[in-house]
Amino acid sequence: MAKSEKSLFLEQKTAWERWNDKEVKMVFSFADEYREFLNTNKTEYEFTESTIRELEKNGYRSYEKVASSGKVAFPLKIYFNNRGVCVSAFQLQKDFRERGLNLILSHIDAPRIDMRQNPLREDFSLAFFKTIYYGGIRRYQWANIPLALHGVICTKGGKTVKVSIGEKESEPVFMICDLLPHIKGSQTERKAADVFKGEELDVTAGSIPSSVKDDKVKDRVKAKVLELLHEKYGLVEQDLFTADLQFVPAWPVRDMGLDRGLLAGYGHDDRICAYTSLRALLDTPRSKSSFGVYFMDKEEIGSTGATGAQSRFVENCIVRILNLVKSPDPEFHRVDLLEKSRAISADVGIAITPIFADSFDTKGDPKLGFGTIVSKFVGGGGKSGSHEARAPFAGMVTRLFDEKKIPWQVGGFGKVDLAGGGTVAKFIAQYNMDIIDIGPGVVSMHSPCEVISKADLYSTYLAYHAFLGC
Ligand code: MN
Ligand code: MN
């Protein structure tokens, strides 16, 4: 094989070693911007709002605005807001129906602790919020850490109120409390998965009884919590029954390691892919290609619901666009355009965790710092529940990365019989569309403090950028 034809992957070098000083500087400044975005966008609501702000700053208009103006000019820069928690954006050239679209789909929900519908309780003169975990977590990891409360409440009066408590140092935080080591209770003998049971994830909400004299009120600490919530947000207990409230780690993303090569913090899965694909979109102001990005909700619980990848939202955006450009046969063009398009399922991959290396295929699985991960398939056991990118499409994508000298590595998923997991890929593949999983590796995935490499972050951005414009 001639040297120029050799894949960067085969050289077995970290991405850091492939880049010159100027490029490494760009990696670090990109990571600073990413860290800031992650710190201020800890829920799908917040991420959607910030994304729309960025899109509008860059000349993208909402579907509603374009439709009501009746004016469609190319390149058409348009976005769709699905219920404030899911968003898509497109940049289309005149020939988009002939060429098809390059699509990147990621998810902006992340594992967390949701508030239960009837959450407030009092026990031993402490008030608690009962919770239900969202997504696949190792529950014990979420105890003994400061939690912030985020979300949206619709009050009895019909007002929608945004909630955020615990991000500023001046604000209180919340916590799930653990047993102390001095007491060898039954918990000591439990297996890791059950150190905390689902029913035990009670978040402490308050400790001071209400001073309001009312003999009918027995739970006075709970009453005080309600008084404070009413003072701050104007809500009553019943408003909690319909609220979207979640507890997330209260800490910011931090540089990790003396060389600052890693980023430790909450929500890399999968906002790292959403952020890098958004940046790739915005950093491609002109192109011959037509492309789009989707930021989906509900991936962590199976891509369900109106805002998950199984929703018709994905194709409804396409139909609406075809309607805007007065497509003579929208039904045919919907099918034809979806089949002609090609997509990246932009989700994080598993990177080897060295301390537990025996759970991995140590000679094949991805490592932190070696570039973005290209996975032909995900799934568990014998490729169960997997889509699989066919060789010609996978080859096209990796050739593109090699051509542009973008560091990438081969996907892997731990030992065959041990691992399992999925992405949005299989749902999008149902449109008879080519799709492949590409994203950076994560260590400590689904924990309150996930770890990624800044080199993989930047390689992923470069990879998405190259794909959109191809
Ligand atoms: Mn994910
Ligand atoms: Mn996940």
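Note that this is a predicted model, so its numbers are computed, not measured.

Draft legend 1. Structural context of the overall build of the protein. When you go through the protein residue by residue, the secondary structure sums to 13 helices and 20 strands. Dimensions along the principal axes, computed over C-alpha positions, put the protein at roughly 80 × 55 × 45 Å. When each of the 470 residues of the protein is scored for burial, the buried share is 52%. Contacts in the protein between residues at least 24 apart in sequence constitute 74% of all its contacts with a sequence separation of at least 6. Only carbon and sulfur atoms are counted for the fraction: they give 53% of the accessible area of the protein, which is about 22300 Å². Side chains of the protein give 63 positive and 62 negative charges; the mean places of these two sets differ by 3 Å.

Draft legend 2. Region of the structure containing the packing of helix 8 (residues 268-282) against helix 13 (residues 454-468). Axis separation between helix 8 and helix 13 bottoms out at 8 Å; the angle between their running directions is 45°. As far as their axial angle goes, helix 13 and helix 8 are oblique. In terms of crossing hand, the pair formed by helix 8 and helix 13 is right-handed. On the side of helix 8, the interface is formed by Ile 272, Cys 273, Thr 276, Ser 277, Arg 279, Ala 280 and Leu 281, while helix 13 contributes Leu 457, Thr 460, Tyr 461, Tyr 464, His 465 and Leu 468. Considered class by class, the residues forming the contact of helix 8 with helix 13 number eight nonpolar, four polar and one charged.

Draft legend 3. Highlighting the state of the cysteines. This structure, assessed with the given rule, holds zero disulfides. Of the cysteine sulfurs around Cys 449, a residue in no disulfide, the closest is that of Cys 273, at 18 Å. Considering cysteine sulfurs only, Cys 273 is the nearest to Cys 470, which forms no disulfide, with 17 Å between them. In this structure Cys 470 comes out as partly exposed when scored by relative accessible area, which is 32%.

Draft legend 4. Summary view of a nonpolar patch on the surface. A cluster of nonpolar side chains, Leu 179, Leu 180 and Ile 183, forms an exposed patch at the surface whose accessible area comes to about 240 Å². Within the secondary structure layout, Ile 183 lies in the loop between strand 8 (160-165) and strand 9 (203-206). Judged by relative accessible area, Ile 183 falls into the partly exposed class, the value being 45%.

Thresholds applied
Residues numbered from 1 in each chain as written. Chains lettered and ligands numbered in written order. Predicted model: local features only at pLDDT ≥ 70, side-chain atom pairs only at ≥ 80, totals over all residues. Heavy atoms only, no water. Helix = DSSP H or I, 4+ residues; strand = E, 2+ residues; numbered from the N terminus. Buried < 20%, exposed > 50% of the residue type's maximum accessible area, 1.4 Å probe, protein only. Contact = heavy atoms within 4.5 Å. Areas by Shrake-Rupley, 256 points an atom, 1.4 Å probe, with all protein chains shown as cover. Lys, Arg positive; Asp, Glu negative; His and termini not counted. Charge placed at Lys NZ, Arg CZ, Asp CG, Glu CD. Axes fitted to C-alpha atoms, helices over the stretch in contact; angles between N-to-C directions. Parallel < 35°, antiparallel > 145°, perpendicular 65-115°, else oblique. Left-handed = near helix turned anticlockwise from the far one by under 90°. Nonpolar A, V, L, I, M, F, W, Y, C, P; charged D, E, K, R; others polar. Disulfide = S-S within 2.5 Å. Patch = residues over 30% accessible without salt bridge, like charges linked within 9 Å, V, L, I, M, F, W, Y side chains within 5 Å. Salt bridge = Lys/Arg side-chain N within 4 Å of Asp/Glu carboxyl O.

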